[in-house]
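Understanding the architecture of this molecule
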Amino acid sequence: MTRADLLALTSETLVSLANRGLVKRAEKDLAAGSGAEVTVAEDGTVRGRFPDGTATALPPGLGLDAAECGCGAAGVCRHRIGVVLAYQRGAREERSAFVEWSPGEFDDEALAAALGGPALTAARRTRDRGCTARLHRPTPADPVPRVELPTCTVRFPVPHELGYALTDAAGALRGEVVALAVWAFRAADAEGGTEVSMGGRTARAGDGEEAMGAALDLADELLLDGVPQAGPVFAGSLARVREALTAASRHWPAGAVADLAEQLAAYRARATRYDPERVAHLLAELHARRRAAALDPVGVLGTEEAPETPLRRVRLVALGCRIGGTDRDRTAEIFFAHPGAGLALVLRKRWELPEGQSPTGHDLSTRRLLNAPLHALATANVVSEHTARAADRTVTISRGRIAATSVTPLGTAWHDLPAPLLLEDTAAHLRGRAEQPPRLIRPRVRAESVHVVEVASVQPAGYDPAAQRLEARAHDPAGNEFLIRAEHNPLCPAGLDALAAALDGGVRAVSGMLAREHGRTVLDPLAVLTATGAVVPDLAPGDGGTALTTAPRRETDPIAAALETALRALAEAAHHGLRALPGPARTRLADSATALRRAGLRTAAGLLDDLTARLAGDGASAAVPAWVEAQIQLVTALELHRAPA
């Protein structure tokens, strides 16, 4: 390790290499005057001697774990860290400027020397099966290049040094994922862009193709017969197809099939979470993924990696909770920021309900997860050694030994989150997401849009009784306006009351799902950080009886309104089934085509015209491709229309 490398090691990097306790102790010793006396030898070795006589040497070319220390510790110890901190204190004027570099510069020979042959062989197997990656290149504001792999993140904190690469994956997997990250940068350097797929360039055949064909057959059957006709036999067929897709590593279509099965179950249970537009979206997604598979099978269908990757000791910062369920169950999704990886994860818990019970979100708030009440976990810092992350960013945490998982109050942890978890400029962030593929064929990642947005100002909230929705206009520190908008959840009757009170109580930041709708930036809130702490609306007590100020009517976007009306008409057709489509539903399709044409969307209108013509002249079976084409085109058009310019 060179002296420039020592200067590149930040406190957070040292914490990742060792642990926070060792770094804090070394910092405390240095501040108290009991730190190391540092000298630099002619060969570049940085030596330190401590008041107790312990001598430590950091030779160039070696990492901290391979450095010499008189204390006898096998790994990174407080003395090694203390020498780094002492050297940095005395060499502040030498700190180097920002370095623009790419980890793709390391060739396979360097990888083999640093990581070992077995790790490189394992990485090649994973790459050959197919792997996706999202890259962050270094910038002056964020100088550490990193790669987000499906189930872990790899960072390169020291320029041109491979030995200091960091990952949240467990130690046994470090070499494999570091090699994959280097190859991802190498591919991106050659192709350009920040999203890459490696390996798996030809669509996988065999059982996977059969399962994909079976999934499309079921989707078309549902489209023809309608949701009311989908009984237990159809549900069983969906389950078998989902299992076959998962076995063939077609994880994203398998996820769509699983969501479709959930929607059908919700309809049978007369649950409020049944959404005809969601069903229509899922039917189109299956077809869209089949069409796009030849272009990028790994990104569109899923990778053949292990379902979960165990992580090393990680710190997670809770961002709130969302409650859902039916008359038979309740679900809680607790969202976490993973600062070391720079992304959000979600922990899901489901409870079966005994006959006659109907708990609210507040009732669930006292139930215990990880030996802590749900309301505490949803506003906590969690440090765990028993964590695993899946490709869809769901996370599982087991308690293990008593000391292996700790849950402590949130405090000010939101303000310490790195970008893009913490946003001060929502417009810039949304512009940066413009290169992503359409949602229909993107990897099915939970919590993809979850962020914490700092709030510079917020106006009083208003309630729309027709839509049962609370809205408040706010501004981020960069001056961008965004709309905090939440819809009433019958399982959380006091949610909107608690949100309105929190927004009126000195709000500092809001966590939630960030998106663009009707030309506006919209944040669907999970939690609100005020001067007195974090508020999670879904877990709030009360019966929802507070009188809320009525919101003024907002102007509508004519293009978005026309597209949304047409998509509702297509969803209604899918719900009833094309074979038994009632007259009013056919009329709404024709009227939607007229509205699209008036808005200047002639191509979209022509797709609906084609659908109605086939229904009238050729029959329902011939109309299935026309419905699919219209749904895919209109969903994508609406997504692009909502995207920032």
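Up top you'll find the structure we're talking about.
Structural notes, computed from the coordinates. (Residues numbered from 1 in each chain as written. Predicted model: local features only at pLDDT ≥ 70, side-chain atom pairs only at ≥ 80, totals over all residues. Heavy atoms only, no water.)

Describing the sheet that holds strand 1 (residues 37-40)
Threshold: Two strands pair if DSSP finds at least two bridges between them. Put simply, DSSP H or I for four residues or longer makes a helix, DSSP E for two residues or longer makes a strand, and each gets a number counted from the N terminus.
Taken in spatial order, the four strands make up an open sheet running 1-2-3-4, and their pairing is antiparallel. Of all the strands in the sheet, the pair left with one neighbour each is strand 1 and strand 4 (68-69).

Remarks on the side chain of Q263
The line we're drawing: Classification of residues uses two cut-offs on accessible area relative to the type maximum, computed with a 1.4 Å probe and protein chains only: under 20% is buried, over 50% is exposed, and between them is partly exposed. Here, two residues are considered to be in contact whenever any of their heavy atoms come within 4.5 Å of each other.
Structurally, Q263 is set in helix 10 (residues 251-268). Judged by relative accessible area, Q263 falls into the buried class, the value being 10%. If we skip the residues at most four places from it in the chain, Q263 touches R273, Y274, D275, R278, V279 and L282.

Side note on helix 19 (residues 602-617)
Quick note on the threshold: Multiplying 1.5 Å by the helix residue count minus one yields the expected span of that helix.
Between its first and last C-alpha atoms helix 19 spans 22 Å; for 16 residues at 1.5 Å apiece the expected length is 22 Å, and the two agree. Contact partners of the buried residues in helix 19: helix 17 (558-576), helix 18 (583-598) and helix 20 (620-642). Phi turns positive, to about 100°, at G619, one or two residues after helix 19.

Some details on helix 18
Put simply, the rule is: When we speak of the arc, we mean the arc of directions from the helix axis to the C-beta atoms.
With 16 residues, helix 18 extends 23 Å from end C-alpha to end C-alpha; this agrees with the ideal 22 Å at 1.5 Å per step. Turning to helix 18, its buried residues are A585, L589, S592, A593 and L596. What you see down the axis of helix 18 is that its buried residues fit within an arc of 100°, all on one side. Taken together, the buried residues of helix 18 touch helix 17, helix 19 and helix 20. Looking at the residues trailing helix 18, positive phi occurs at G600, about 90°.

Re the state of the cysteines
The line we're drawing: By disulfide we mean two sulfur atoms from cysteines, separated by a distance within 2.5 Å.
According to the stated counting rule, one finds zero disulfides in the structure shown. C71 forms no disulfide, and the closest cysteine sulfur to it belongs to C69, at a distance of 3.4 Å. On the basis of relative accessibility, which here comes to 36%, the residue C71 falls in the partly exposed class. Here C321 stays free of any disulfide, with the sulfur of C492 as its closest cysteine sulfur at 8.0 Å.

Quick word on the environment of L608
Following the sequence through the fold, L608 ends up in helix 19. Between the C-alpha atom of L608 and that of Q631, which follows or precedes it by 23 residues, the distance is 9.3 Å. With residues up to four places along the chain from it excluded, the contact list for L608 reads A566, L570, L589, S592, A593, L596 and A630.

Thoughts on the pattern of salt bridges
What counts is decided by this rule: By definition here, a salt bridge exists when the distance from a side-chain nitrogen of Lys or Arg to a carboxyl oxygen of Asp or Glu is within 4 Å.
Per the counting criterion, the structure on display carries 31 salt bridges. A salt bridge links R134 to E195; the nearest nitrogen and oxygen atoms lie 2.9 Å apart. Of the two residues, R134 is situated in strand 5 (residues 131-136) and E195 in strand 9 (residues 195-198); the sequence distance between them amounts to 61 residues. Since its relative accessible area comes to 27%, R134 is described here as partly exposed. Take E195: its relative accessible area is 34%, and that puts it in the partly exposed class. Put simply, R278 and D259 hold a salt bridge, and the shortest N to O gap is 3.0 Å. Taken together, the residues R278 in helix 11 (residues 276-292) and D259 in helix 10 connect sequence positions 19 residues apart.

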